[in-house]
Amino acid sequence: MVAISAPTGAVSYRLARERVVSDVHAGRRTRAEVCDAQPELRRVVEHGATPTVDSCPICDDADLVLATFAFGPGLPSGGRAVMTDDDARRLRRRHRVTVCYVVEVCPDCWWNHLRESFTFGERPSGA
Ligand SMILES: [Zn+2]
């Protein structure tokens, strides 16, 4: 369980998510379009995701898990997965602007959607 907390100012993507889910239920999008977790995301889900008690909005068969990725200067362009408390502590110590994206994923059907994002660290001077 990763204890990287979202400070105030986190951005929620709930409305966009609800739109996608209702599109699937109305037949405007297929499950294949939205249950397309990429290999890196699946790896994080298998090794370092945070469980939730929210059931999957698509298959309703499994509880969602949360995968967190950090982006910023000095981090890989594809982001760094935050899989352990140590990972979270290391990021907090960076003192550089870091943006975290939290993705909800269904480990059963591979539904995935951005849940929230938040930023921490110092802003570069002059920005
Ligand atoms: Zn599912």
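Draft legend 1. Examining the nonpolar core more closely. Ranked by internal contacts, the top residues of the largest apolar core, which has 22 residues, are Ala-67, Val-105, Cys-106 and Trp-111. Put simply, the parts of the chain that give this core at least two residues each are helix H3 (39–48), strand E3 (63–71), strand E4 (80–82) and strand E5 (98–105). Per element, the largest residue contribution to this core is five residues, and it comes from E3. With residues up to four places along the chain from it excluded, the contact list for Ala-67 reads Leu-41, Val-44, Val-45, Ala-49, Ala-81, Val-103 and Val-105.

Draft legend 2. Inspection of unusual backbone geometry at higher detail. The phi torsion at His-95 lies on the positive side, around 55 degrees, for a residue other than glycine. Examined against the element boundaries, His-95 turns out to sit in the loop between helix H4 (85–93) and E5. Classification of His-95 as exposed rests on a count of 9 C-beta atoms within 10 Å.

Draft legend 3. Main features of the pairing of E3. Across three bridges, the pairing between strand E2 (residues 50–55) and E3 is antiparallel. Considered in E3, the bridge of Ser-55 is made with Asp-63. Pairing geometry for E3 and E5, over seven bridges, is antiparallel. Bridging from a neighbouring strand, Thr-68 pairs with Val-102 of E5.

Conventions used here
- Residues numbered from 1 in each chain as written.
- Predicted model: local features only at pLDDT ≥ 70, side-chain atom pairs only at ≥ 80, totals over all residues.
- Core = buried A, V, L, I, M, F, W, Y, C linked by C-beta atoms within 7 Å.
- Buried ≥ 20, exposed ≤ 12 C-beta atoms within 10 Å, placed from the backbone.
- Helix = DSSP H or I, 4+ residues; strand = E, 2+ residues; numbered from the N terminus.
- Contact = placed C-beta atoms within 7 Å.
- Pairing = 2+ DSSP bridges.

In short, the description is geometric, and any link to function would need to be established separately.
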